[in-house]
Amino acid sequence: MADFKPPLSALPTGSKPTAPRRRWPLRVTHFAWIMFGLVVILFLVYPVLVSTNFMFLFGKSPSLSDLENPKVERASELYTSDGVLIGKYFRENRSPVPLSKMSPLLVDALVATEDARYYEHSGIDLQAVLGGAFSSVRGEKRGGSTITQQLAKNLYKIRRQQSRGALGYIPVVSTIVAKTKEWLTAVDLEQRYTKREILRMYLNTVEYGSSAYGIKVAAKTFFNTSPDSLKPEEAAMLVGVLNNPTAYNPRFHPVAALRRRNVVLDRMGQAGVLPPAEIAALKTKPIVLDYHVERHIDGPDTYFRSAVSQFVGQWCDSTGYDMYRDGLKIYTTIDSRMQAHAEEALHERMKALQRNFDNFWRNRDSNPWVDDKGNEIPDFIQTQMKRTQGYKTLANRYRNQPARLDSALNAKRPMKVFTWKKDDGDTTLVMSPLDSLAYYKRFLRAGMMSMDPFTGHIKAWVGGLDYRFFQYDHVKQGRRQAGSTFKPFVYLTALDNGYSPCDRIRDERVTINYVENGQDMEWKPDNVTREYTGINMTLRHAMARSVNSITAQLTEKVGWGNVAKYARKVGITSPLLSVPSIGLGSGGDVSVYEMVNAYSTFMNSGFRSEPRLVTRIEDRNGNVIKQFDPVQKRAISAETAWLMTYMLRGGMEEPGGTSQALWDYELFRKNNQIGGKTGTTSNYSDGWYMGMTKDLVTGVWVGGEDRSIHFVGSQQGEGGRTALPIFGKFMEKIYQDKELDYTQGEFPKPSVKISKKYNCVSPSEPRRRAAAVDTIAADNLLEQMNAGGGVPDSLPRR
């Protein structure tokens, strides 16, 4: 009965048999519902799994803190004490600006081109996503990302290595996970920020090519303008490059950039941003660039920036900040106006001095590298070349191939080199590496620093002729013998141990006896003229005239070891040898930086100030995160310090004082007082001048790159003729600049009672000296030292 089927005749006329309804097995139906449920659950749970990085599968997503305080790389900025921006440090050059300082056309162009429904969606444009998917199926390339999604990707670097989880290394899956993160982050951004805030962050974040990040830097890089001053065609070009900053860079791909710009203009027309007639006119215009790319350390090439970078870099290492990323504002002690005056003074004098130097050696028909007897050093350039890194690289490349090495060293090619003959300081010459080395060895070098002695703030720092070509810094990096500028430390030692400026020592030939390694030794120092006046000179008069014989006698009386100790107390940090001739500058090499610091101790009532280049550092929001206050400590008594300033004034006030060439400059109104000391080392290898006013202490050094490169004769080579004029010209410019708060006047009165006699009369002489008196070239002990290449073993070290 169960299998009974009615006959066809039993069916109604016109009817067809109906097939029995097929039923799915119960287990298949259940499975389908289970799978559907899992898909729904997965759809709901998947975003949570991604955002929480479940089992480390999906990688890190932006946290709530990241969303509310996005960390965008921002260039750190370097400012002078008078508020002038002089440079930046960055990996991604970015300086954000508010939307109110951007051209409205820029914003309209961006929306019309990148996200036409920007104001309608909430972070994800489903219509654009579906359109992009269908386009991909048809083999077309069409993006579906919104501006908010692009911001999420750029702002949080979602696809970088650090954001990958375990699934991030699986092709296709990694893309799906990254897209999910972008969508989730975009929705979060839309919930936390307004549409205008998102546009501001986007335009300040994205890359525009040529290492320009953010619209402010891009506008400056391509058009040398600001974002609010962009013309319509310029705004369209900058929006156009966002699609591909390399392919559409107008500097390198002008045709492609023009085509892309016109696409943006068309879309602006379609969106009704500008009328069709204006769009048509704009499309006919060429792209006109005013192109300038800022380097990762941008700004003028100056020597003090290297010192600032080193100092701030060390501070960042200790605090966790990054000067190339964190948008710090670094305020220096340098005054831009004083820095300019210092550079001008040095350049003006060195240009003239170089001309004299070249003529001097041209007339002698010789190269300027000579030995102690004035004879040219044979194979000097070849010997110097072997010490260079370039030679070592070539020697390694052509090992055991002397002919090829010699050919490389003599191969000529065009080189951009420094010159004083052009205002921009460079020219192109055809020369070989050996020619280039010989060319540069002929240049005299210089270093100069000026500091406020009361705060330690460095106001000007010129480390050389031109940082582009001479990167060795002669302020802090370079060290040379100080010559007679070291003599004041002998007199300091005496004054602090019972002597007074009015005490007298006779100018006469002396013999200094001492014991070295158990042997009796003697030293007979000479005056520069090898003549002795026989005058029983006051200490002030002797220091003013830089008399070697009296300095040597005083050094023996106070102890050369004590002279070294006092020099270190007031600011000399380089190693010093305790030798009888230490007062004449042969105890060791010192820097301009140290000498300025030491002389500043005299002006600062005996307090030694730590020289400062940075006053404070602010974060990107303008909050002060580090204040560098003056650091001072008592080095000598206030009385001794004031007496030393009085002694140093003797160079101008005492008969025959070595500073009196300063009368040639406009420096002596309103009873202006200047203290100072000239210095010249053996063979005129180094010229020094240390100058002091009531507000500033300035040090200047002039010399060749090597000690064997120098003038021959005091008329050209002594410090009073090489270094002193730079100080004189600098102070002239300072006093003439009415914007600066530096006036002429007397030194500060003593802050304590002066118990020692200091106001004493010296023999009357013409105020201008007729001959060089500060050189130590005639000192036979120093001649022995130079001939032997250093301090002889016979000198005591105590």
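The text that follows walks through the structure, step by step, so that each part is easy to find. (Residues numbered from 1 in each chain as written. Predicted model: local features only at pLDDT ≥ 70, side-chain atom pairs only at ≥ 80, totals over all residues. Heavy atoms only, no water.)

Notes on the overall build of the chain
(1) Moving on: On a plain count of helices and strands, the chain comes out with 27 helices and 21 strands.
(2) Moving on: A buried classification covers 53% of the 798 residues belonging to the chain.
(3) Moving on: If you take every contact in the chain between residues at least 6 apart in sequence, the share linking residues at least 24 apart comes to 72%.
(4) Moving on: Roughly 38,200 Å² of accessible area belongs to the chain as shown, and the carbon and sulfur atoms make up 52% of that amount. (Helix = DSSP H or I, 4+ residues; strand = E, 2+ residues; numbered from the N terminus. Buried < 20%, exposed > 50% of the residue type's maximum accessible area, 1.4 Å probe, protein only. Contact = heavy atoms within 4.5 Å. Areas by Shrake-Rupley, 256 points an atom, 1.4 Å probe, with all protein chains shown as cover.)

Observations regarding the side chain of H474
(1) Moving on: If you trace the backbone, H474 turns up in the loop between β8 (458-462) and β9 (480-481).
(2) Moving on: Non-local contacts of H474, meaning those with residues more than four positions away in its chain, are made with R445, A446, G447, G463, V592 and W701.

Some thoughts on helix α22 (residues 592-603)
Given 3.6 residues per helical turn, the α-helix brings residues three or four places apart onto the same face.
(1) Moving on: Spanning twelve residues, α22 covers 17 Å between terminal C-alpha atoms, matching the ideal 16 Å at 1.5 Å per step.
(2) Moving on: When α22 is considered as a whole, its buried residues turn out to be V592, Y593, E594, M595, V596, N597, A598, Y599, S600, T601, F602 and M603.
(3) Moving on: Looking one or two places after α22, you find S605, whose phi comes out positive at around 55°. (Expected span 1.5 Å × (residues − 1).)

Some thoughts on the pattern of salt bridges
(1) Moving on: Taken as a whole and assessed by the stated rule, the structure comprises 29 salt bridges.
(2) Moving on: Linking D426 and R468 is a salt bridge whose minimum nitrogen-to-oxygen distance equals 3.0 Å. One end of the pair, D426, is in strand β6 (residues 426-431); the other, R468, is in the loop between β8 and β9, and 42 residues separate them in sequence.
(3) Moving on: Taking the relative accessible area as the measure of exposure, R468 reaches 38% and is therefore partly exposed. (Salt bridge = Lys/Arg side-chain N within 4 Å of Asp/Glu carboxyl O.)

Quick notes on helix α16 (residues 402-410)
(1) Moving on: For α16, the full list of buried residues reads L405, A408 and L409. Take α16 and look down its axis: the buried residues cluster within an arc of 100°, on one side only.
(2) Moving on: For α16, the secondary structure elements touched by its buried residues are α14 (380-385), α15 (389-397) and α17 (433-441). (Arc of directions from axis to C-beta.)

Considering empty space enclosed by the protein
(1) Moving on: Within the structure shown, the criterion is met by two cavities of 30 Å³ or more.
(2) Moving on: Quantified by volume, the largest cavity comes out at close to 70 Å³.
(3) Moving on: Surrounding the largest cavity, 14 residues form its lining, L444, Y684, V702, G703 and F711 being those nearest its centre.
(4) Moving on: Contributing elements (two or more residues each) for the lining of the largest cavity: β20 (686-692) and β21 (697-704). (1 Å grid on protein atoms, 1.4 Å probe; cavity = no way out; pocket = protein on both sides within 12 Å on 5 of 7 lines; lining within 4 Å. Points joined across faces, edges and corners; volume = space filled by probe spheres on them.)

Brief notes about the state of the cysteines
(1) Moving on: Evaluated as defined, the whole model comprises one disulfide.
(2) Moving on: Shown here is the disulfide that connects C502 with C760, its sulfur atoms set 2.2 Å apart. Disulfide C502-C760: the torsion about the S-S bond is -100°, which places it as left-handed. In this pair, C502 is assigned in the loop between α18 (487-495) and β10 (504-506) and C760 in the loop between α26 (724-736) and α27 (780-787), connecting sequence segments 258 residues apart.
(3) Moving on: Its relative accessible area of 10% is what places C502 among the buried residues. (Disulfide = S-S within 2.5 Å.)

Some remarks on the nonpolar core
(1) Moving on: In this structure, M350, W461, F489 and F602 are the most contacted members of the largest nonpolar core, which totals 140 residues.
(2) Moving on: The leading source of residues in this core is helix α13 (residues 336-363), at nine residues.
(3) Moving on: Look past the residues within four positions of F489 in its chain and what remains in contact with it is V563, A567, V570, I572, M595, A598, Y599 and F602.
(4) Moving on: Counting residues in each nonpolar core, the second largest holds 42 residues, with A109, L230, A236 and V239 among its members. (Core = buried A, V, L, I, M, F, W, Y, C linked by side-chain atoms within 4.5 Å.)

Worth remembering: the numbers are spatial, not functional.
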